[in-house]
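Per-entry structural report
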Amino acid sequence: MALHRPPSSANEIDDESRISDPCVKICVRDRESDICLGCGRTGKEVNDWTKLSRPARAIIVRDLDKRLQALSDKRRAKRSGRRGRLGTQSSQNQGKD
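Summary of the structure given here. (Residues numbered from 1 in each chain as written. Predicted model: local features only at pLDDT ≥ 70, side-chain atom pairs only at ≥ 80, totals over all residues. Heavy atoms only, no water.)

Below, the discussion takes up the state of the cysteines. For the structure shown, the criterion picks out 0 disulfides. As a non-bridged cysteine, Cys 27 has Cys 23 as the owner of its nearest cysteine sulfur, 4.2 Å distant. The exposure class of Cys 27 is exposed, given its relative accessible area of 61%. You can see Cys 39 has no disulfide; the closest cysteine sulfur is in Cys 36, sitting 3.9 Å from it. (Disulfide = S-S within 2.5 Å. Buried < 20%, exposed > 50% of the residue type's maximum accessible area, 1.4 Å probe, protein only.)

See below:
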């Protein structure tokens, strides 16, 4: 399942020289990677978006789904590890009573 869909129709591409901003108005960045959880861009890419060339923007947009999926997988794995540790700790604590 795609987390972000890059511009693909004429309506989503402003003109030949400009790709629409991929912002989805969910501006929360992952602390470790500085990747926005909404659009998948780094803080620098968000700030520089209007200054980037069309090819540079196209490369970023092409990679957004991969970035968001990798970030999602990493965050899911982190939560799983935390749950596992918490479950182990609580079961160890139960035997001490």
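That was the structure; now back to the text.
With that settled, consider unusual backbone geometry. Here Lys 25, not a glycine, exhibits a phi torsion of approximately 65 degrees, which is positive. Following the sequence through the fold, Lys 25 ends up in the loop between strand S2 (18–19) and helix H1 (43–48). Given a relative accessible area of 71%, Lys 25 falls into the exposed group. At Asp 34, a residue that is not glycine, the phi angle is positive and equals roughly 65 degrees. Structurally, Asp 34 can be placed in the loop between S2 and H1. (Helix = DSSP H or I, 4+ residues; strand = E, 2+ residues; numbered from the N terminus.)

Let us look at the pattern of salt bridges. Within this structure, the stated rule accounts for 12 salt bridges. The residue Arg 41 makes a salt bridge to Asp 21 at a minimum N-O spacing of 2.9 Å. Here the residue Arg 41 occupies a position in the loop between S2 and H1, and Asp 21 occupies one in the loop between S2 and H1, the gap between them amounting to 20 residues. What makes Asp 21 partly exposed here is its relative accessible area of 41%. The closest approach of N and O atoms between Asp 48 and Lys 44, which form a salt bridge, is 2.6 Å. Of this pair, Asp 48 and Lys 44 both sit in helix H1, 4 residues apart, which is roughly one turn of that helix. A relative accessible area of 58% places Lys 44 in the exposed class. (Salt bridge = Lys/Arg side-chain N within 4 Å of Asp/Glu carboxyl O.)

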